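Per-entry structural report
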Amino acid sequence: MAFLADALSRVKPSATIAVTQKARELKAKGRDVIGLGAGEPDFDTPDNIKNAAIEAIHRGETKYPPVSGIAPLREAIAKKFKRENNLDYKPEQTIVGTGGKQILFNAFMATLNPGDEVVIPTPYWVSYPEMVLLCGGTPTFAATTAANGFKVTGAALEKAITPRTKWLVLNSPSNPSGAAYTEAELREIADVLLKHPQVWVLTDDMYEHLTYGDFVFKTIAEVEPQLYSRTLTMNGVSKAYAMTGWRIGYAAGPIELIKAMDMIQGQQTSGACTIAQWASVEALNGPQDFIAKNKAIFQARRDLVVSMLNQARGISCPSPEGAFYVYPSCADLVGKKAPSGKVIDGDETFCSELLEAEGVAVVFGSAFGLGPNFRISYATSETLLEEACTRIQRFTASLA
Ligand SMILES: Cc1ncc(COP(=O)(O)O)c(C=O)c1O
């Protein structure tokens, strides 16, 4: 009898964490490495949010929370959905988890039976298929292309849906591509979903506040109210408020689903950290000027990176609408020889040779289900981004 569960053999470790770890190891050995693998803002959490946590500690808010979240946070979440997304959710329809990650995991755990399929557009955030597999479901994929901005079309979605499909995962703006769906694009998806009443939508709106230029963020239940009764709208404070370490995510949806997720959470964590929840109340209800300031910084970084990458030989980099990632293609460099003598046979080798030759750590696209591409996180200073892009230009020029 094997000691470890069979479920473990179905999943693989996160490639993004592996790249961050590799960059850390090389740095520890004294190599000059620029890590562009991490998926978190480089800003500190705003002081008003930190102070709300400190005050909560001093008030003695140090006990177990209610499983689904403290009442003031569930109210703040309901208000946020009304204010920013024009969605009516009662506080009882919301749930707070230990990061958006746990919300997603528990939604799958609460709903998936063996054979149930979850449609995931490629390229996808690395955790979606693994979570589906861990929960006993089957991930299926809907392909996108750079030509349609890495966004799933109605036709591609229609092709991916089967009678076993239980969920569609939508992530806009996307990790890893930065692509964000316009209202018209969501309409096209909604029209397909209306024909398949068994399919629910899990919309991961984690990067909602990071969109650039005149892009207007919309979420699917707002675009098509008929989908409200089968949508779980997920969001969190990690990216918008630079709170990745506080581990608070949340969602709202039909009460039966929320109750099922509450039951799982009750046997799992008993709820998210009380102090971090009080900090999140301040994040959602307090001043929001931090968001606009950061957006402007991220947009300038995106523009710098896109421009410099498009000047690198053989790299083609679309300018995405949001998040803090770009997803350039290295297809034109496949077949060329790196300074080490190794032939670039795809994005994984491209990224390992880039790290070897120039000390720039990026994540290979195949890890996200679509290559030959690579993901750059531009959540780091312009100085470092400029240096990293200069090194990428030098590396691509050196390929023979
Ligand atoms: C698309 C997406 N969803 C969810 C998460 C999880 O966020 P959290 O830090 O709230 O667990 C991430 C984090 O990288 C993400 O990129």
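Residues numbered from 1 in each chain as written. Predicted model: local features only at pLDDT ≥ 70, side-chain atom pairs only at ≥ 80, totals over all residues. Heavy atoms only, no water.

**Brief notes about the site of the ligand**
Lining the immediate environment of the ligand, one finds 13 residues, of which G100, D204, Y207, K239 and R247 sit closest. Within the side chain of R247, an N or O atom sits 2.7 Å from an oxygen atom of the ligand. In isolation the ligand has 400 Å² of accessible area, and contact with the protein removes 92% of it. The leading source of residues in the shell around the ligand is helix α4 (residues 99–111), at 3 residues. Looking at the shell around the ligand residue by residue, the classes come out as 4 nonpolar, 5 polar and 4 charged. (Near = heavy atom within 4 Å. Polar contact = N/O pair within 3.5 Å; in protein donor to acceptor, adjacent residues only side chain to side chain. Areas by Shrake-Rupley, 256 points an atom, 1.4 Å probe, with all protein chains shown as cover. Helix = DSSP H or I, 4+ residues; strand = E, 2+ residues; numbered from the N terminus. Nonpolar A, V, L, I, M, F, W, Y, C, P; charged D, E, K, R; others polar.)

**Let's talk about the pairing of strand β8 (residues 249–252)**
Here β8 shows two buried faces, one formed by G249 and A251 and the other by Y250 and A252. The pairing of strand β2 (residues 94–97) with β8 spans 4 bridges and is antiparallel. Bridging from a neighbouring strand, T94 pairs with A252 of β8. Across 4 bridges, the pairing between strand β7 (residues 231–236) and β8 is antiparallel. Paired with M234 across the bridge in β8 is A251. (Buried < 20%, exposed > 50% of the residue type's maximum accessible area, 1.4 Å probe, protein only. Pairing = 2+ DSSP bridges.)

**Some points on helix α10 (residues 274–285)**
Here α10 is 12 residues long and its end C-alpha atoms lie 17 Å apart, about the 16 Å a rise of 1.5 Å per residue gives. Residues of α10 that are buried sit in contact with α2 (47–59), α3 (71–85), β2 and β8. (Expected span 1.5 Å × (residues − 1). Contact = heavy atoms within 4.5 Å.)

**A few points about the sheet that holds β7**
Taken together, the 7 strands give an open sheet; going across it, the order is β2-β8-β7-β6-β5-β3-β4, and neighbouring strands pair in mixed fashion. Strand pairing shows two members of the sheet lacking a second neighbour, β2 and β4 (138–142), which therefore form its edges. When strand polarity is set aside, the average angle formed by the axes of neighbouring strands in this sheet is 20°. Here 5 bridges tie strand β5 (residues 165–171) to strand β6 (residues 200–204), and the two strands are oriented parallel to one another. When the bridges of β6 are listed, W167 appears paired with W200. Contacting β2, β5, β6, β7 and β8, helix α9 (residues 255–266) crosses the sheet at an angle of about 30° to β2. (Axes fitted to C-alpha atoms, helices over the stretch in contact; angles between N-to-C directions.)

**Some remarks on the nonpolar core**
Counting 80 residues, the largest nonpolar core has F108, L232, L309, F350 and I376 as the members making the most contacts within it. Among the nonpolar cores identified, the runner-up in size contains 25 residues, and L73, I77, A240 and I291 belong to it. (Core = buried A, V, L, I, M, F, W, Y, C linked by side-chain atoms within 4.5 Å.)

**A few points about the sheet that holds strand β11 (residues 363–364)**
Reading across from one edge, β9-β12-β11 is the order of the 3 strands in this open sheet, with antiparallel pairing throughout. Since the sheet does not close on itself, it has two edges, and those belong to β9 (325–326) and β11, each with one partner. Pairing geometry for β11 and strand β12 (residues 374–377), over 2 bridges, is antiparallel. By the bridge assignment, F364 is partnered in β12 with F374.

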